[in-house]
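Topology and contacts: notes
Given next are the chains, with one letter for each unit.
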Amino acid sequence: MEVVSCSHSCSALHQTPASAWRLRGSALGLGLGHAKPSRPRRYAVMCVGTTRGASNPGGSGKVHAAQGFHVSDVDAALQAIPSRKVEEVEIQGLPEGPDSSPISTGFWEWKPKLTVYYERSGVENSKAPAVLFLPGFGVGTFHFEKQLRDLGRDHRVWTMDFLGQGMSLPGEDPAPSSIVSEEVFWGFGQDSQPWAEELVYSVDLWQNQVQHFIEEVIREPVYIVGNSLGGFVALYFAASSPHLVKGVTLLNATPFWGFFPNPATSPRLSKIFPWAGTFPLPSFVRKLTEAVWQKISDPKSIQDILKQVYADHSTNVDKVFSRIVEITQHPAAAASFASIMFAPRGQISFQEAISRCQSQGVPLSLMYGREDPWIRPFWGIKVKQQVPEAPYYEISPAGHCPHDEVPEVINYLLRGWLKNLESEGSIDLPFLEEPSYAEHGVSRELEFVREGSRKSVSVRLYGTKISLWSQLSSFLNTHVPNSRVVLR
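The present account deals with the structure reproduced in this document. (Residues numbered from 1 in each chain as written. Predicted model: local features only at pLDDT ≥ 70, side-chain atom pairs only at ≥ 80, totals over all residues. Heavy atoms only, no water.)

1. With respect to the overall build of the chain
Broken down by element type, the chain carries 15 helices and 13 strands. Across the 488 residues of the chain, 57% fall into the buried class. Accessible surface, the chain as shown: approximately 20400 Å² in total, 54% of it carbon and sulfur. (Helix = DSSP H or I, 4+ residues; strand = E, 2+ residues; numbered from the N terminus. Buried < 20%, exposed > 50% of the residue type's maximum accessible area, 1.4 Å probe, protein only. Areas by Shrake-Rupley, 256 points an atom, 1.4 Å probe, with all protein chains shown as cover.)

Right, dumping it as structure tokens:
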């Protein structure tokens, strides 16, 4: 396959040829208000676990950490850890201007008419490990710009849009309609094009897409970092192709995807359902899609969702908002959304994928925003209980997209995790310097500077011995207002 790439500035919106789709309305001009807090927000990050050397996946684990934090007496009491007070540690803010790594873009033609958009950074770092970021549902490569510009300074970093989303929507109508209308929806015709006869935007398609992208574009095993749906696909792919994966980081990964049975694992049950996400859309699905799409693609609805999933409303999401609105205006977006919603489940479950990764020695790390309204801390704790050796960080007040809301913290943790694995454990993992922390946990605080303002960051470590108190503490701090107390 031919790989075509060109440089551009990610500060501007990606331009799509006018022939590719017709914009409806002027929604791109809408923005979100950002109320500035009267004082710096306090962030809390909770990390869990020991770590293993990459060459010794079955080992007992080595304990690592950084220096200096304040510890909450309340958290320490819940974890039965002695309270202690030490110096604060300042982590790096995001690079700006010429200090950041430039981003280049490309289009990769995987199959006829199926072209994948991707971005990359740090390609000149030939000896650095390769990292692939996978986005969540409804977003795309633009959601990882803060990682590419920062981590690209010392790593080789890629991200791509899943087929049926972002800039990887088709350039042609998969099922053209004979009806001429101003409100054109692709995929609403009577017959599918030959290239789209078996097209379904499912997790099986996406994990296959990831496999070929790594083999044909990156061309070496990678570390994969996935948010939400991207986390599910990352884990699914790692379980299916462990030889191409050096490690997986889950960022508020969704623990399930798809509502309908998979024909490969449940052939009889799958025959009960009349449609499984193929093109063209049946008439009853078209009507349903038109009604639902009108609501969810409305800019006001998109604003409301962003306010819901970002815990810190001072976070600037104007660019994310504009890009999501732009995607919804593509004529193939509505039918692609329907295909995704009706596509069958993957051939293996989230829990089975975790078990396979564990048995095949694929290192895992977990970084979850604590105030996520969709993927609660309960799901991160469940993964931690299944893989006790995996480091687990809970970040607060971050929501569903911690990589975009607190990128300074996520990038810091990712760097530490990658260095730890690449050095086979000789370089310390962040926040774990005493053996007792690995079992019982500890709470701490960090600081970093963003746009000239200093922000305080608390860090909490859950140990490998996750008790009922640990789960109760997580529940209370998520559901009970003002339940967290941090003493200085």
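Read on for the rest.
2. Comments concerning helix H4 (residues 229–240)
Taking 1.5 Å per residue as the helical rise, H4 with its 12 residues ought to reach 16 Å, and the 17 Å between its terminal C-alpha atoms agrees with that figure. Among all positions of H4, only Leu229, Gly230, Gly231, Phe232, Val233, Ala234, Leu235, Tyr236, Phe237, Ala238 and Ala239 are buried. Those residues of H4 hidden inside the fold are in contact with strand S6 (130–134), helix H3 (203–218), strand S8 (222–227), strand S9 (245–251), helix H10 (350–359) and strand S10 (364–369). (Expected span 1.5 Å × (residues − 1). Contact = heavy atoms within 4.5 Å.)

3. Re the packing of helix H7 (residues 299–309) against helix H8 (residues 318–328)
Following both chains from N to C, one finds H7 and H8 inclined at 135°, their axes separated by 10 Å at the closest point. Regarding the angle of H7 to H8, the classification is oblique. H7 and H8 meet at a crossing whose hand is right-handed. Here Pro299, Ile302, Gln303 and Leu306 of H7 come into contact with H8, specifically with Val320, Phe321, Ile324, Val325 and Thr328. When the residues that make up the contact of H7 with H8 are grouped by side-chain class, the tally is seven nonpolar, two polar and no charged. (Axes fitted to C-alpha atoms, helices over the stretch in contact; angles between N-to-C directions. Parallel < 35°, antiparallel > 145°, perpendicular 65-115°, else oblique. Left-handed = near helix turned anticlockwise from the far one by under 90°. Nonpolar A, V, L, I, M, F, W, Y, C, P; charged D, E, K, R; others polar.)

4. As for the pairing of strand S4 (residues 103–111)
Both faces of the sheet carry side chains from a regular strand, because those side chains alternate between them. Summarising the sheet, S4 and strand S5 (residues 114–121) pair through eight bridges and their orientation is antiparallel. Its bridge partner lying in S5, tryptophan 108 is registered against valine 116. Connecting S4 to the antiparallel partner S5 that follows it, the hairpin turn spans two residues, and lysine 113 within it adopts a positive phi of roughly 75°. (Pairing = 2+ DSSP bridges.)

5. Observations concerning the pattern of salt bridges
Using the criterion set out here, one finds 16 salt bridges in the structure. Note that arginine 454 and glutamate 90 form a salt bridge whose closest N and O atoms lie 2.5 Å from each other. Within this pair, whereas arginine 454 is found in strand S13 (residues 453–462), its partner glutamate 90 is found in strand S3 (residues 89–90), the two being separated by 364 residues in sequence. In this structure arginine 454 comes out as partly exposed when scored by relative accessible area, which is 39%. A residue is classified by how much of its surface remains accessible, and glutamate 90, at 48% relative accessible area, is partly exposed. Among the charged side chains, a network of salt bridges with common partners joins Asp150, Arg153, Asp154 and Arg415. (Salt bridge = Lys/Arg side-chain N within 4 Å of Asp/Glu carboxyl O.)

6. Details of the environment of serine 100
Residue position: serine 100 is located in the loop between S3 and S4. For the pair serine 100 and leucine 148, spaced 48 residues apart in sequence, the C-alpha separation works out to 8.7 Å. Excluding residues within four positions of it along the chain, serine 100 makes contact with Pro95, Arg149 and Arg153. There is a polar contact of 2.7 Å between the side chain of serine 100 and the backbone oxygen of glycine 97. (Polar contact = N/O pair within 3.5 Å; in protein donor to acceptor, adjacent residues only side chain to side chain.)

7. Section: the packing of aromatic side chains
Applying the stated rule across the entire model yields 20 aromatic pairs. Here tryptophan 293 and phenylalanine 337 contribute two aromatic rings whose centre-to-centre distance is 5.6 Å and whose plane-to-plane angle is 45°, an arrangement assigned as tilted. With a gap of 44 residues between them, tryptophan 293 in helix H6 (residues 283–296) and phenylalanine 337 in helix H9 (residues 333–342) connect regions that are remote in the sequence. In terms of burial, tryptophan 293 and phenylalanine 337 fall into one category: buried. Put simply, the rings of Trp108, Trp110, Tyr118 and Phe213 pair up and form one aromatic cluster. The aromatic ring of tryptophan 110 is capped on one face by lysine 111, whose charged end is 4.5 Å from the ring centroid. (Phe/Tyr/Trp six-rings, centres within 6.5 Å; stacked < 30°, edge-to-face > 60°. Lys NZ or Arg CZ within 6 Å of the ring centre and 35° of its normal.)

8. Some thoughts on helix H13 (residues 407–422)
If you check H13, its first and last C-alpha atoms are 22 Å apart, about what 16 residues at 1.5 Å a residue would give, namely 22 Å. H13 sits mainly inside the fold: 13 of its 16 residues count as buried. Of the residues trailing H13, glutamate 424 is marked for its positive phi of about 55°.

9. Regarding the environment of glutamate 352
Inspection of the secondary structure assignment puts glutamate 352 in helix H10. Overall, glutamate 352 belongs to the partly exposed group, its relative accessible area being 33%. Taking the C-alpha atoms as reference, glutamate 352 lies 9.8 Å from leucine 235; in sequence the two are 117 residues apart. Reaching out from glutamate 352, the side chain makes a polar contact with the side chain of arginine 356 at a distance of 2.9 Å.

10. Examining the nonpolar core
Of all hydrophobic cores here, the largest spans 88 residues; its most connected members are Leu132, Leu134, Trp206, Val210, Phe213, Ile214 and Ile224. It is H4 that provides the largest number of residues to this core, a total of nine residues. Once residues within four sequence positions are removed from consideration, valine 210 is found in contact with Leu132, Leu134, Met160, Phe162, Ile224, Val233 and Phe237. Within the second largest apolar cluster, 29 residues are counted, among which are Val131, Phe144, Met367 and Leu413. (Core = buried A, V, L, I, M, F, W, Y, C linked by side-chain atoms within 4.5 Å.)

11. Quick notes on a nonpolar patch on the surface
A cluster of nonpolar residues, Leu269, Ile272 and Phe273, forms a patch on the protein surface that exposes about 290 Å² of accessible area. Checked against the element boundaries, phenylalanine 273 lands in the loop between helix H5 (267–270) and H6. (Patch = residues over 30% accessible without salt bridge, like charges linked within 9 Å, V, L, I, M, F, W, Y side chains within 5 Å.)

12. Describing the pairing of S9
When you tally the buried positions in S9, you get six out of seven residues, the bulk of the element. Two elements, S8 and S9, share six bridges in a ladder whose sense is parallel. Bridged to isoleucine 224 within S9 is valine 248. Note on the crossover from S8 through H4 to S9: the handedness is right-handed. Bridge count for S9 against S10 is four bridges, and the pairing is parallel. Across the sheet, leucine 251 pairs through a bridge with methionine 367, a residue of S10. (Right-handed = clockwise from strand over helix to strand, strands pointing away.)

13. Focus on the packing of H4 against H10
With their axes 8 Å apart at the nearest point, H4 and H10 run at an angle of 50° to one another. The pairing of H4 with H10 is recorded here as oblique in orientation. In the crossing of H4 with H10, the sense of the turn from one axis to the other is left-handed. On H10, the residues that touch Phe232, Leu235, Tyr236, Ala238 and Ala239 of H4 are Phe350, Ala353, Ile354, Arg356 and Cys357. Residues belonging to the contact of H4 with H10 are distributed by class as follows: nine nonpolar, no polar and one charged.

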